[in-house]
Amino acid sequence: MTQTAMTTTTAEQRLPVATAFDEVARRAKAISQSDIIPEAYRNKPGNCLIAIEMADRMGCAPLQIMQAMFVVHGQPGWSAKWLIATANASRKFTPLRWKFTTDANGTKTGAICYATDKSTGELLEGTKVTLEMAQAEGWTKNSKWKTMTEQMLVYRSAAFWVRMYCPEIAMGLQSVEEIEDVQSTRQQVHARTFSAALGAMPEAQPVALPSGEPKSASAHDAEFDGVDPETGEVTP
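Being a predicted model, the structure only gives us computed values, none of them experimental.

1. Section: helix H7 (residues 149-165)
- The terminal C-alpha atoms of H7, which comprises 17 residues, lie 24 Å apart, in line with the 24 Å expected from a rise of 1.5 Å per residue.
- Listed in full, the buried residues belonging to H7 are Met152, Leu153, Val154, Tyr155, Arg156, Ser157, Ala158, Ala159, Phe160, Trp161 and Val162.

Take a look at the structure:
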């Protein structure tokens, strides 16, 4: 009797879950048909379903997630602007700010993201990101480090700060800028590896072709002992 009651209760508990999933799936399909959502979600209910789920967890609208999450080489990531805005909107910290280091010419070569914890008054400083670090890690293979250096210092240092002090905002995902830097480095490594492999291959040697007149069929056949060259019969 008890076992029957437990089985009935479990089945009844599953019903709302299935119903809720069906409802979310219908929402995802409807949203995917919109022409104002980003391309990565258009006519892709599965992607929209993930965006809805993440929006529910973070307490925001699905469109916000769609506008902030990008897929780079098959890997989803947040825009750094979204991470900064979400950290500021949490109201747990003062707005994010940056300290910059410069070289002798006044060019910015490093950045530290910081904020103050409102509950404790503690100054929270993130990892210092420098051009030297970017070059050592191979990030500068990404052309954005040459065209918008200061902005990349800001974005990279902000991503480090978020993962250090409020990782729940990123939900385990990297920023788009980080993914692009890593992919640029990997492509460069793959290109070098391919070139090295080609260089290690031995050079093709020319094939020596036979010279002189080709032998006639009868002469060729006569080379085989015990075979009549005219009839092809095996002779004792």
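2. Concerning the packing of aromatic side chains
- Going through the model one piece at a time under the given rule, you end up with five aromatic pairs.
- Pairing Trp139 with Phe160 gives two aromatic rings, centres 6.5 Å apart and planes at 45 degrees, and the pair type is tilted. Of this pair, Trp139 sits in the loop between helix H5 (131-137) and helix H6 (144-147) while Phe160 is found in helix H7, placing the two residues 21 residues apart along the sequence. For the pair Trp139 and Phe160, a shared accessibility class is recorded, and that class is buried.
- Aromatic pair Trp161 and Tyr165: ring centres 5.1 Å apart, planes at 45 degrees, arrangement tilted. With Trp161 and Tyr165 both in helix H7 and four residues apart, the pair spans about one turn of that helix.
- A residue is classified by how much of its surface remains accessible, and Tyr165, at 27% relative accessible area, is partly exposed.
- Each member of the aromatic cluster is reached from another via a ring pair, and the members are Phe93, Trp161 and Tyr165.
- Sitting over the ring of Tyr114, Lys99 keeps its end group 5.2 Å from the ring centre.

3. Notes on the nonpolar core
- Residues Ile65, Trp78, Leu83, Trp161 and Val162 are the most contacted members of the largest nonpolar core, which totals 34 residues.
- Among the secondary structure elements, those contributing two or more residues to this core are helix H2 (45-58), helix H3 (62-68), helix H4 (80-89), strand E4 (108-116), H7 and helix H8 (167-170).
- With six residues, H7 is the largest single contributor of residues to this core.
- Membership of the second largest hydrophobic core comes to eight residues, among which are Ala134, Trp139, Met152 and Leu153.

4. Observations concerning the pairing of strand E1 (residues 69-72)
- Sheet topology note: the E1/strand E2 (residues 75-78) ladder contains four bridges and is antiparallel. Bridge pairing links Met69 to Trp78 in E2.
- In textbook terms, the turn of a hairpin is the stretch between consecutive antiparallel strands, and for E1 and E2 this stretch comprises two residues, one of which, His73, has a positive phi near 55 degrees.

Cut-off values and rules
Residues numbered from 1 in each chain as written. Predicted model: local features only at pLDDT ≥ 70, side-chain atom pairs only at ≥ 80, totals over all residues. Heavy atoms only, no water. Helix = DSSP H or I, 4+ residues; strand = E, 2+ residues; numbered from the N terminus. Expected span 1.5 Å × (residues − 1). Buried < 20%, exposed > 50% of the residue type's maximum accessible area, 1.4 Å probe, protein only. Phe/Tyr/Trp six-rings, centres within 6.5 Å; stacked < 30°, edge-to-face > 60°. Lys NZ or Arg CZ within 6 Å of the ring centre and 35° of its normal. Core = buried A, V, L, I, M, F, W, Y, C linked by side-chain atoms within 4.5 Å. Pairing = 2+ DSSP bridges.

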